[in-house]
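Remarks on the overall topology
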Amino acid sequence: MCKHVLNAQVSIRSPCCRKWFDCPECHAESESHPLKKTLEMTFACKKCKKCFRKDATEFEDADEYCPHCDNHYIIEAVTPKAALRVEGEDARMDARMLKDERVKQTKPTMNQISIFDPDVDADKLG
């Protein structure tokens, strides 16, 4: 699983060490040598698990798909981005974290009342 490209559709076999990597950054992190550049690349489709070769000099629009299962493997890469967000489930599925302002709130119980709450004793004065 690649942490650099979140939607990687194929693995690439590096020509220098003959190991499989999802992206060049994964190769750079795990190996001590630089990635050898070549025009013929070997891919392994993650959908059908079959390998195929592509020549970069004769690359066409039809070569963007796996020849075995037609999986479109050349897509815009989704990379992880730093974000601050509320941890919780999807609000569309589980709305327990959301407060509906349209619903009338009930009066607080004795456990929820503080000594600084003027509404409780306001009608008892005088």
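Residues numbered from 1 in each chain as written. Predicted model: local features only at pLDDT ≥ 70, side-chain atom pairs only at ≥ 80, totals over all residues. Heavy atoms only, no water.

**Focus on the overall build of the protein**
- Summing up its helical and strand segments, the protein has two helices and four strands in all.
- A total of 126 residues make up the protein; the buried ones form 19% of that total.
- Within the protein, contacts between residues separated by at least 24 positions form 32% of all contacts whose residues are at least 6 apart in sequence.
- For the protein, the accessible area works out to roughly 11000 Å², and carbon and sulfur atoms hold 53% of it. (Helix = DSSP H or I, 4+ residues; strand = E, 2+ residues; numbered from the N terminus. Buried < 20%, exposed > 50% of the residue type's maximum accessible area, 1.4 Å probe, protein only. Contact = heavy atoms within 4.5 Å. Areas by Shrake-Rupley, 256 points an atom, 1.4 Å probe, with all protein chains shown as cover.)

**What about the sheet that holds strand β2 (residues 20–21)?**
- Ordered in space as β2-β1-β3-β4, the four strands form an open sheet in which the pairing is antiparallel. Strands at the two margins of the open sheet, each flanked by one partner only, are β2 and β4 (51–55).
- Taken together, the two bridges between strand β1 (residues 10–13) and β2 define a ladder with antiparallel strand orientation. Bridge pairing links R13 to W20 in β2. (Pairing = 2+ DSSP bridges.)

**Notes on the environment of K46**
- Along the chain, the position of K46 falls in the loop between β3 (40–45) and β4.
- For K46, a relative accessible area of 31% gives the class partly exposed.
- Separated by 20 residues in sequence, K46 and C66 have C-alpha atoms that sit 9.8 Å apart.
- When sequence neighbours within four positions are dropped, the list of residues in contact with K46 reads A8, Q9, V10, S11 and D22.
- In terms of polar contacts, K46 uses its side chain to reach the side chain of D22, at 3.0 Å. (Polar contact = N/O pair within 3.5 Å; in protein donor to acceptor, adjacent residues only side chain to side chain.)

**Digging into the pattern of salt bridges**
- Scanning the entire structure with this criterion turns up four salt bridges.
- For E29, the salt bridge is made with K3, and the minimal N-O distance between the two is 3.7 Å. In this pair, E29 is assigned in helix α1 (residues 24–30) and K3 in the segment before β1, connecting sequence segments 26 residues apart.
- Of the charged contacts in the structure, one is a salt bridge between E31 and K19, with a shortest N-O distance of 3.1 Å. Placement of E31 in the loop between α1 and β3 and of K19 in the loop between β1 and β2 is noted, with a sequence separation of twelve residues between them.
- For E31, a relative accessible area of 17% puts it in the buried group. (Salt bridge = Lys/Arg side-chain N within 4 Å of Asp/Glu carboxyl O.)

**Considering the environment of P80**
- On the secondary structure map, P80 appears in the loop between β4 and α2 (118–121).
- Non-local contacts of P80, meaning those with residues more than four positions away in its chain, are made with K3, H4 and L6.

**Focus on unusual backbone geometry**
- Phi at R18 takes a positive value of approximately 60°, unusual for a residue other than glycine.
- Secondary-structure assignment places R18 in the loop between β1 and β2.
- On the basis of relative accessibility, which here comes to 57%, the residue R18 falls in the exposed class.
- Positive phi values are uncommon outside glycine, yet K49 reaches one of about 65°.

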